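Letter by letter, the chains look like this.
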Amino acid sequence: MKLLHIDASILGGHSVSRQLSAAAVERLRKATPGLEVTYRDISSAPLSHLSGAHLAAAQGATPETATMRADVAASAAALDEFLAADIVVIGAPMYNFTIPSQLKAWIDRILVAGKTFKYSETGVEGLAKGKRVIVTITRGGFYGADTPAAAGEHLETYLRWVFGFIGVTDLEIILAEGIQTGPEQREKAVANALQAVTDLRAA
């Protein structure tokens, strides 16, 4: 069984989402003998954002430069990693109400027609059915459905839509929020999230 671990936080060792994603991977590793883990840090080694040249290459055009050839190869590697994974664990902090741009660049590499979804006369069909996706989300404030800032939450809702679009309908969310509102709340939020990690079912 294969697990793909993605971290998007720019905070390195100070990141709560990294702490939680690492704990989730460790929980699954201990519970699943022989689990093969691939790690991708898309903050320290980001994928470039999509350009016209990328889209042309996807349509069969030959990349004209060594840099673009490397970019196309990196895109293919990211997609292959995702397709090969049975489980995907993503550390996803909220930045300015949504996902980090580095995570968006990675998502742009895995949402590929004919690979993870297809269009038909009956609509869109997700081709990534059967994958288990766990996301450790951190938010500086409070953006739950019952809060005044709920309309500003564009991270969890976006990821649920994105993965649902490609066939992953049961996204598992581990949430720590309000972590910038004070030390006590940060400690409480992290402790609750770590407890949720221990409750993750085995692979």
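Residues numbered from 1 in each chain as written. Predicted model: local features only at pLDDT ≥ 70, side-chain atom pairs only at ≥ 80, totals over all residues. Heavy atoms only, no water.

As annotated in an unreviewed UniProt entry, the protein chain is FMN dependent NADH:quinone oxidoreductase from Afipia felis. Among the UniProt annotations of the protein chain, the heading Subunit (unreviewed entry) holds the following wording: "Homodimer." The protein chain has a UniProt comment under Sequence similarities (unreviewed entry) that states "Belongs to the azoreductase type 1 family." (UniProt positions renumbered as here; feature names shortened; annotations may be inferred.)

1. Concerning the UniProt feature "binding site: FMN" (unreviewed entry) in the protein chain
Here, UniProt's "binding site: FMN" (unreviewed entry) annotation points to Ser9, Ser15, Val16, Ser17, Met94, Tyr95, Asn96, Phe97, Thr138, Arg139, Gly140 and Gly141. Mapped onto the elements of the fold, serine 17 is located in helix α1 (residues 16–31). Among all residues touching serine 17, those that are not within four sequence positions of it are Asp7, Ser9, Gly91, Ala92, Pro93, Thr136 and Thr138. At 3.1 Å, the side chain of serine 17 forms a polar contact with the side chain of serine 15. (Helix = DSSP H or I, 4+ residues; strand = E, 2+ residues; numbered from the N terminus. Contact = heavy atoms within 4.5 Å. Polar contact = N/O pair within 3.5 Å; in protein donor to acceptor, adjacent residues only side chain to side chain.)

2. Considerations on the UniProt feature "domain: Flavodoxin-like fold" (unreviewed entry) in the protein chain
Residues annotated in UniProt with the feature "domain: Flavodoxin-like fold" (unreviewed entry) correspond here to residues 1–198. Between the C-alpha atoms that bound residues 1–198 the distance is 20 Å, and the span itself is 39% helix and 21% strand.

3. Notes on the side chain of lysine 131
Among the structural elements, lysine 131 can be located in the loop between β5 (123–126) and β6 (132–139). The side chain of lysine 131 is buried and forms no salt bridge, while aspartate 86, the nearest opposite charge, is found at 6.3 Å. A distance of 2.8 Å separates a polar atom in the side chain of lysine 131 from the backbone oxygen of leucine 83. The contacts of lysine 131, once residues within four sequence positions are left out, are Phe82, Leu83, Ala84, Ala85, Asp86 and Val168. (Buried < 20%, exposed > 50% of the residue type's maximum accessible area, 1.4 Å probe, protein only. Lys, Arg positive; Asp, Glu negative; His and termini not counted. Salt bridge = Lys/Arg side-chain N within 4 Å of Asp/Glu carboxyl O.)

4. Concerning the environment of valine 133
Tracing the chain through its elements places valine 133 in strand β6. Once the C-alpha coordinates of valine 133 and glutamate 172 are considered, the two residues, 39 residues apart in sequence, prove to be 6.3 Å apart. Ignoring any residue separated from it by four or fewer positions in sequence, one finds valine 133 in contact with Val88, Ile90, Phe163, Val168, Asp170, Leu171 and Glu172.

5. Here's the deal with helix α6 (residues 183–198)
Along its 16 residues, α6 runs 23 Å from first to last C-alpha, staying within 8% of the 22 Å computed at 1.5 Å per residue. For α6, every residue scored as buried is listed here: Ala189, Val190, Ala193 and Val197. Within α6, the buried residues cover an arc of 95° as seen down the axis, which keeps them to one side. Facing away from the buried side of α6, by more than 90 degrees, are the exposed residues Glu184, Glu187 and Lys188. The inward-facing, buried residues of α6 contact α1 and β7 (172–177). (Expected span 1.5 Å × (residues − 1). Arc of directions from axis to C-beta.)

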